[in-house]
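# Survey of secondary and tertiary structure
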Amino acid sequence: MVNLEIPTDHPRRVSLEIREAIIAGHTDQIVATAGLLAHGRGEAFDYLIGERTTEIAEKAIKVAVASILLAKHPVISVNGNVCSLVAKELVELSKITNAPLEINLFYYRKEREDAILRALKSAGAEKVLGTHDRPSTTIPELSSNRRKVDPDGIGAADAVVVPLEDGDRTEALKAVGKTVITIDLNPMSRTAVYADVTVVENIVRAMPLMVRYAAEMKNKSVHELQKIVESYSNDENLSTSIHLISTRLEELSRDVRVLRKKTKPGENKS
Ligand code: PTJ
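Residues numbered from 1 in each chain as written. Predicted model: local features only at pLDDT ≥ 70, side-chain atom pairs only at ≥ 80, totals over all residues. Heavy atoms only, no water.

### Let's talk about the sheet that holds strand E7 (residues 179-183)
The strands making up a sheet are joined through hydrogen bonds of the backbone, oriented either antiparallel or parallel. We apply this condition: Paired strands, in this sense, are two strands between which DSSP finds at least two bridges. Elements are defined by DSSP. Helices are runs of H or I of four residues or more, strands are runs of E of two residues or more, and each kind is numbered from the N terminus.
With parallel pairing, the 6 strands of this open sheet are ordered in space as E3-E2-E1-E6-E7-E8. Looking at strand neighbours, the two that pair on one side only are strand E3 (128-129) and strand E8 (197-199), the edges of this open sheet.

### Some points on the pairing of strand E1 (residues 74-78)
Going by this rule: Partly exposed residues are those whose accessible area sits between 20% and 50% of the maximum for their type, while under 20% is buried and over 50% is exposed, using a 1.4 Å probe and protein chains only. By the criterion used throughout, a crossover qualifies as right-handed when its path from the first strand across the helix to the second strand runs clockwise, the strands pointing away from the viewer.
The buried count for E1 comes to 5 of 5 residues, which makes it a mostly enclosed element. Taking every second residue as pointing to the same face, both faces of E1 are buried, with Pro74, Ile76 and Val78 on one and Val75 and Ser77 on the other. When E1 meets strand E6 (residues 159-161), the two strands line up parallel, connected through 3 bridges. Opposite valine 75, over in E6, you have valine 160 as the bridge partner. The pairing of E1 with strand E2 (residues 101-103) spans 3 bridges and is parallel. Bridging from a neighbouring strand, serine 77 pairs with glutamate 102 of E2. Viewed along the sheet, the connection from E1 through helix H4 (residues 80-97) into E2 turns out right-handed.

### Brief notes about unusual backbone geometry
Of note, glutamine 29 is a non-glycine position whose phi angle comes to about 75°, a positive value. Position of glutamine 29 among the secondary structure elements: in the loop between helix H1 (13-27) and helix H2 (33-49). Glutamine 29 sits in the partly exposed class, given a relative accessible area of 31%. Positioned with a positive phi, glutamate 51 is a non-glycine residue whose angle comes to about 50°. Note that glutamate 51 resides in the loop between H2 and helix H3 (55-70).

This is the structure in structure tokens:
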């Protein structure tokens, strides 16, 4: 539900629409108040990468999908921001890759869990793990609410997709031997640097591409998928992403006039 009427020719239309989706998610109790701040941080990094899917992000997306397809028991962790922005795509990716969805919240409130469950169900999810009526186990070395996980989900997973994640949990998941795949616009966040695969991209653009590649790559052999994963270095991916930001800033610092260039709504403004 969008409260603000955004003119179709507004140069920042797409960004404003995403913001409205987060605000609506907050009104509906899906998004934590801190999730609004997390979104603002993401917006700032999206500006720095130029609000587009970079080549390096698309490569990381393919590696992320290959890692999910190779896993014996992959799980997709869902928080409030992710649910409010890409519920439909989460369900699609879960179905294509047989990776169950598990609600796992940093700022846990039962009302939020219920709202997220409703949103996922209305987006087509049949089964959702991590709800309060399910058994739970704990991830050692983690003190936040997120230490509670579903024994049939993250508890048993060999690979976990944790988009828009806080660093402590990523480190704890790594410490118990799980492969961690994340989507995070900040290539310097702790999650980004501790994960095995970091897609430096807005989740709004990343998830539809992950769904598309999952459908395309699902029938690849294990050998082909392994080749994709083995040729990848997450450190290189992060270095290139940071370099891309610094190059872009350097170019803009030489000529800011390009920032005044007229663009169509949703196109890179710079
Ligand atoms: O719903 P909850 O209770 O589990 O809480 C969720 C939030 C997001 C509030 C919680 O996990 C949190 O505080 O996360 P952080 O530590 O702020 O990390 C969120 C990361 O996601 C930051 O590095 C942001 O730059 C990044 N981010 C924000 N919006 C997007 C994003 N990355 C990709 N796409 C976005 N749209």
